[in-house]
Amino acid sequence: MALENDTQAPDFELPNQFGEHVRLSEFRGKKPVALVFFPLAFSSTCTSELCQLRDNLALFEDHRVELIGISVDSKATLRAFADKEDYGFNLLADFWPHGAVAKEYGVFLDAKGYANRATFIIDTHGIIRASFITAPGEARSVDSYKAAIAELELAHA
């Protein structure tokens, strides 16, 4: 079961596509985070979803939201993926222990060995303020991100 809104987001530290370690708690008190779990690099739906985020990066930058993608792929795979698609945001490798962060957030699909398409919008206090999950094979829309960021702003109004 996925974590619910208005709960503390579990802290974690994972390597990004460059091998640099990124810790969720580093953003506390600084900026909100959009945590975007995706199944696998280079798959068609994941590629189109992340390309939409790349093409709408201003949505996150304008609201000072840090965009972070997470998959069970290795950092080398994520580096090749990010380079090929020119992603200007962190992609984190939840590679080993396999899917541990996705499991903490309740979005790991044991039968498939990867995370579901799930997004968590986390405020500057580390609280999940909005989230959405799509059915397997179904892409998330940019409108879902706009609505989630609006919820975040309402929570801090």
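Residues numbered from 1 in each chain as written. Predicted model: local features only at pLDDT ≥ 70, side-chain atom pairs only at ≥ 80, totals over all residues. Heavy atoms only, no water.

Caption draft 1: View of the overall build of the protein chain. Counting its secondary structure elements, the protein chain contains 5 helices and 9 strands. Walking the protein chain from its N terminus toward its C terminus, one meets helices and strands in the order β-β-β-α-α-β-α-β-α-β-β-β-β-α. For 157 residues, the compact-globule estimate of 2.2 N^0.38 gives 15 Å, and the C-alpha radius of gyration of the protein chain, at 14 Å, lies within 12% of that figure. Counting only C-alpha atoms and orienting by the principal axes, one finds that the protein chain spans roughly 40 × 30 × 30 Å. Accessible area for the protein chain stands at about 7,400 Å²; split by element, carbon and sulfur atoms hold 51% of it. Put simply, the protein chain has 15 plus and 23 minus side-chain charges, and the middle of one group is 3 Å from the middle of the other. (Helix = DSSP H or I, 4+ residues; strand = E, 2+ residues; numbered from the N terminus. Rg over C-alpha atoms; globule rule 2.2 N^0.38 Å. Areas by Shrake-Rupley, 256 points an atom, 1.4 Å probe, with all protein chains shown as cover. Lys, Arg positive; Asp, Glu negative; His and termini not counted. Charge placed at Lys NZ, Arg CZ, Asp CG, Glu CD.)

Caption draft 2: View of the side chain of R117. Relative to the helices and strands, R117 resides in the loop between β7 (114-115) and β8 (118-122). Of the polar contacts made by the side chain of R117, one reaches the side chain of E49; its length is 3.2 Å. (Polar contact = N/O pair within 3.5 Å; in protein donor to acceptor, adjacent residues only side chain to side chain.)

Caption draft 3: Expanded view of the side chain of E66. Tracing the sequence through the fold places E66 in strand β4 (residues 66-71). Contact partners of E66, with chain neighbours within four places excluded, come to F27, K31, P32, V33, A34 and N90. (Contact = heavy atoms within 4.5 Å.)

Caption draft 4: Examining helix α1 (residues 44-55) more closely. Between its terminal C-alpha atoms α1 stretches 16 Å, which fits the 16 Å expected from 12 residues at 1.5 Å a residue. Within α1, the full set of buried residues consists of T45, C46, T47, E49, L50, C51 and L53. Summarising the contacts, the buried residues of α1 are in contact with β3 (33-37), α2 (57-62), β4, α3 (75-85), β5 (90-93) and α5 (142-155). (Expected span 1.5 Å × (residues − 1). Buried < 20%, exposed > 50% of the residue type's maximum accessible area, 1.4 Å probe, protein only.)

Caption draft 5: Region of interest: the pattern of salt bridges. Taken as a whole and judged by the stated rule, the model has 11 salt bridges. Where E49 meets R117, a salt bridge forms, and the shortest distance between an N and an O atom there is 3.2 Å. Highlighted residues: E49 in helix α1 and R117 in the loop between β7 and β8, separated in sequence by 68 residues. Of the two residues examined, E49 and R117, each falls in the buried class. Two residues, E85 and R54, come together in a salt bridge whose shortest N-O distance is 3.9 Å. Of this pair, E85 sits in helix α3 while R54 sits in helix α1, placing them 31 residues apart in sequence. Each of R54, D55, K84 and E85 takes part in a single network of salt bridges with overlapping partners. (Salt bridge = Lys/Arg side-chain N within 4 Å of Asp/Glu carboxyl O.)

Caption draft 6: Main features of the sheet that holds β8. The strand order across the open sheet built from 5 strands is β5-β4-β3-β8-β9, with neighbouring strands paired in mixed fashion. Only two strands of the sheet have a single partner each, and these edge strands are β5 and β9 (128-133). The average angle at which neighbouring strand axes cross in this sheet is 20 degrees, direction not considered. With 4 bridges joining them, β4 and β5 adopt parallel strand pairing. Within β5, the position partnered with I68 by the bridge is N90. Contacts from α5 reach β3, β8 and β9, with the element oriented near 165 degrees to β9. (Pairing = 2+ DSSP bridges. Axes fitted to C-alpha atoms, helices over the stretch in contact; angles between N-to-C directions.)

Caption draft 7: Fine view of α5. The terminal C-alpha atoms of α5, which comprises 14 residues, lie 20 Å apart, in line with the 20 Å expected from a rise of 1.5 Å per residue. The complete set of buried residues in α5 reads V142, Y145, A148, I149 and L152. When α5 is viewed along its axis, its buried side chains cluster within an angular range of 120 degrees and face the same direction. Pointing more than 90 degrees away from the buried face of α5 are the exposed residues D143 and L154. For α5, the elements touching its buried residues are β3, α1, α2, β8 and β9. (Arc of directions from axis to C-beta.)

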